[in-house]
Amino acid sequence: MKKALRIGLVAMAVAAVGSATAVFGTAQTSEDYLSMPYVQTAVLRQGATGGEVKELQRRLKNWGYYNGAVDGIYGKGTVEAVKKFQRKNGLTADGIAGIATYKALGMNDSVKVLEGDKNNSGSNYTNSDLYMLAKCIYAEARGESYTGQVAVGAVILNRVASSSFPNTISGVIYQKGAFTAVTDGQINLEPDKTAMNAASDAMNGWDPTYGCLYYYNPAVATSSWIFSRKTVTTIGKHIFAI
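Below is a summary of the structure that appears in this document. Because the structure is predicted, anything quoted here is derived from the model rather than measured.

### Some words on the overall build of the protein chain
Alright, step 1. Scanning the protein chain for helices and strands turns up 11 helices and 3 strands.
Alright, step 2. Along the protein chain, helices (α) and strands (β) appear in the sequence α-α-α-α-α-α-α-α-α-α-α-β-β-β when read from the amino end.
Alright, step 3. Counting only residues that meet the buried cut, the protein chain has 46% of its 242 residues in that class.
Alright, step 4. A sequence separation of at least 24 residues applies to 62% of the contacts in the protein chain between residues at least 6 apart.
Alright, step 5. In the form shown here, the protein chain has an accessible surface area of approximately 11900 Å², with 51% of it arising from carbon and sulfur atoms.

Written out as structure tokens, the structure is:
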């Protein structure tokens, strides 16, 4: 299975539905998800939402360009902050976050997505992959915050990219002993809208774990080995490690 993301020309479709990102509706079923084309937007402008916008806002806020909420909504405040950043860095101050702005911000995953589109690699995650990732997120982390759910998805994708693990999402999830939710059957639960969106954000490059390959709940973990892994961050009840 090919692993890179496919980028669509979302702007035209967005005008028809009044949204700048692919957001999953509550009325859709699992069959709908599997039949829909999986599209990611990487160029961000006013009206966009999602994890990539949050990362943009977080960086702008850390550097003093943005003083609003890190809410994942590309509103007027975010536009003005992007313009301010662009002017300071000698870029075209249009308030749109594209490849030059991403490079200046150090958002390397977003740069790779856009450069991949230019290179026309043609590889992609499938909608079955998206659905499978959402199922695991829901089964493993539905009680966690949204960021915590994205983090679980990111760990799975980091494993797919690592030579130490299977190179498919299903291969990683069903690797023997890898996930409690597979062992106890919770993997068969139907993911909700939040889990689907978290899976999408993880596929779009948002990694709150900074490249972690493992996570565990110290209150219930029984493996002494997992406690030996280097901790990178803690999100909710989960410790994320490498």
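### Considerations on the pairing of strand β3 (residues 238–241)
Alright, step 1. In β3, alternate side chains face the same way, and those of H238 and F240 on one face and I239 and A241 on the other are all buried.
Alright, step 2. Of the pairings in the sheet, the one linking strand β1 (residues 214–216) to β3 comprises 3 bridges and is antiparallel in character. Within β3, the residue paired with Y215 across the bridge is F240.
Alright, step 3. As paired elements, strand β2 (residues 231–235) and β3 share 4 bridges and run antiparallel to each other. In the sheet register, T231 faces β3, and the bridge partner there is A241.
Alright, step 4. A loop of 2 residues connects β2 with β3, the two strands running antiparallel in sequence, and G236 in this loop sits at a positive phi of about 65 degrees.

### Points about the packing of aromatic side chains
Alright, step 1. Taken as a whole, this structure holds 8 aromatic pairs when the rule is applied.
Alright, step 2. With a centroid separation of 5.2 Å and 85 degrees between ring planes, the pair formed by Y65 and F85 is classed as edge-to-face. Of the two residues, Y65 is situated in the loop between α3 (51–62) and α4 (76–88) and F85 in helix α4; the sequence distance between them amounts to 20 residues. Across this residue pair, the class does not change: Y65 and F85 are buried.
Alright, step 3. Plain terms: the ring middles of F179 and Y215 are 6.3 Å apart, the flat faces sit at 40 degrees to each other, and that makes the pair tilted. Remark: Y215 occurs in strand β1 and F179 occurs in the loop between α9 (169–173) and α10 (180–183); sequence separation between them is 36 residues.

### Brief notes about the environment of I239
Alright, step 1. Here I239 is to be found in strand β3.
Alright, step 2. As for I239 and C212, which are separated by 27 residues in sequence, their C-alpha atoms are 9.9 Å apart.
Alright, step 3. Those residues within four positions of I239 in sequence are excluded, and the remaining contacts are Y214, Y215, Y216, P218, T231, T233 and T234.

### Some points on the sheet that holds β3
Alright, step 1. Ordered in space as β1-β3-β2, the 3 strands form an open sheet in which the pairing is antiparallel. Only two strands of the sheet have a single partner each, and these edge strands are β1 and β2. Between one strand axis and the next, the sheet turns by 25 degrees as a mean value, whatever way the strands run.
Alright, step 2. Across the sheet, helix α8 (residues 146–161) lies against β1, β2 and β3, angled at about 30 degrees from β3, the strand it touches most.

Calculation rules
- Residues numbered from 1 in each chain as written.
- Predicted model: local features only at pLDDT ≥ 70, side-chain atom pairs only at ≥ 80, totals over all residues.
- Heavy atoms only, no water.
- Helix = DSSP H or I, 4+ residues; strand = E, 2+ residues; numbered from the N terminus.
- Buried < 20%, exposed > 50% of the residue type's maximum accessible area, 1.4 Å probe, protein only.
- Contact = heavy atoms within 4.5 Å.
- Areas by Shrake-Rupley, 256 points an atom, 1.4 Å probe, with all protein chains shown as cover.
- Pairing = 2+ DSSP bridges.
- Phe/Tyr/Trp six-rings, centres within 6.5 Å; stacked < 30°, edge-to-face > 60°.
- Axes fitted to C-alpha atoms, helices over the stretch in contact; angles between N-to-C directions.

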